[in-house]
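Here is how the chains run, residue by residue.
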Amino acid sequence: MHFLRYIILALALTLWAGGLSTTVSRWLYRTGVIADDYRYGDLYRLSALNQFKVAQPVCSPSNRASDSASTHLYLIGDSFSEPQRLSKDDFRVSYYRRVGWDNQQRIQLDSTKRNILLIESVERHFREHLSRPSQEFIVEQDTTRHPAANPTLFQRLSLEIHWTDVEERLESALFSQDWAFWFKELKASLTLDWFDRTYASVSLSKNRQHLFLNSDTNPKKPLNSSFVPIPDAEINALVDSVNSVAGRYRKLGFDAVYLSIIPNKATLLEKERDDYNHLIERVQDNPRLTVPTIDTYRAFEQSPVSPYLKSDTHWNCEGRAIWLDLVRQTCGI
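Procedures and definitions
- Residues numbered from 1 in each chain as written.
- Predicted model: local features only at pLDDT ≥ 70, side-chain atom pairs only at ≥ 80, totals over all residues.
- Heavy atoms only, no water.
- Pairing = 2+ DSSP bridges.
- Helix = DSSP H or I, 4+ residues; strand = E, 2+ residues; numbered from the N terminus.
- Patch = residues over 30% accessible without salt bridge, like charges linked within 9 Å, V, L, I, M, F, W, Y side chains within 5 Å.
- Areas by Shrake-Rupley, 256 points an atom, 1.4 Å probe, with all protein chains shown as cover.
- Salt bridge = Lys/Arg side-chain N within 4 Å of Asp/Glu carboxyl O.
- Disulfide = S-S within 2.5 Å.
- Buried < 20%, exposed > 50% of the residue type's maximum accessible area, 1.4 Å probe, protein only.

**Notes on the sheet that holds strand β2 (residues 95-100)**
Strand pairing in a sheet relies on backbone hydrogen bonds. The paired strands run either parallel or antiparallel. Strand order across the open sheet formed by 5 strands is β2-β1-β4-β8-β9, with parallel pairing between neighbours. This sheet does not close on itself; its edge strands, each paired only once, are β2 and β9 (293-294). For strand β8 (residues 256-262) and β9, the ladder comprises 2 bridges, and the chain directions are parallel. Residue L259 lies in a different strand from β9, and its bridge partner there is T293.

**Some words on a nonpolar patch on the surface**
On the surface, W179, W182, F183, L186, L190, W194 and F195 cluster together into a nonpolar patch covering about 870 Å² of accessible area. Turning to its location among the elements, W179 is positioned in helix α7 (residues 178-195).

**Looking at the state of the cysteines**
With the rule as written, the count across this model stands at 1 disulfide. Bridging C59 to C317, the disulfide has an S-S length of 2.2 Å. Here the disulfide of C59 and C317 is left-handed, its torsion about the S-S bond being about -95 degrees. Remark: C317 occurs in helix α13 (residues 317-331) and C59 occurs in the loop between α3 (42-47) and β1 (71-77); sequence separation between them is 258 residues.

**With respect to the environment of S189**
Looking at where S189 falls in the secondary structure, it is placed in helix α7. Linking S189 and L49, residues 140 residues apart in sequence, is a C-alpha distance of 6.4 Å.

**Considerations on the pattern of salt bridges**
Where charged atoms from two side chains of opposite charge approach closely, those side chains can pair. The tally for this structure, following the rule as stated, stands at 17 salt bridges. Between E270 and R273 there is a salt bridge; the shortest N-O distance is 2.6 Å. Exposure remark for R273: the relative accessible area of 21% places this residue in the partly exposed category.

Remember, this is a structural readout, not a statement about activity or role.
What follows is the structure in structure tokens.
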């Protein structure tokens, strides 16, 4: 009996550590104790609605050969450009470096190469990202003269231990397997059928054919929603900010800077839900804008099939291919 108690205690402590520690949680993923709870899409994960349970596809790699002109591509982006969705092989470049928003990387540009910077943001976060100067890439003349300082013990611990999102991480550790999804689906189905409600983090289209992030449709989320009015003065300020960011990076050595705003899912799949604020068009078509754009909005709008995954906020393989073709045509990579 004591032995069984120790086993249960050890298991509980291990799962608790997985909820706190990045290293432990990664080990638990590798051993199969924790399953990837995003494997059916982030919207399914948030909603637990079985009708939106679709396994994440594996898109064919572009396998574009390295360009003879030796172009170096640097990308500042959000979840659409994460490593599991994009890699160097998707671009005709000889070097590729990406940094996520609100992170920093120190880089040294090779002046003998063509250095391109692509700034990518999903629509819901564009106003947050571009309302301030970008400090994601720190360009230095010689990184060997100013090596990155070793992180302090406190910094290492802050990266290792996650106190703020521990509840969500513990839930993933405990309830990431299919047996737990069954119970979540039952609860979500009953809540929808009996009370016409979903979890607060998501929203259904009026015809119940599409699932969105609540922040994309909720007028109480003024920085994120596609359906909150934006005054012209703010649009002009955002355009000025984009111009300023691009100008600063060009002065630091980049040969060209491009902007890519990826539409919210609700923007295209349920535009009639409310009065769309036309954020993307108003930025891209603004006469003050001096930065060339990857016009994903119009390309997605004209696509004969949905460019989005049914169970996820991100693009499907067709949408990804559309975006990559636009990048190739616009940036020459």
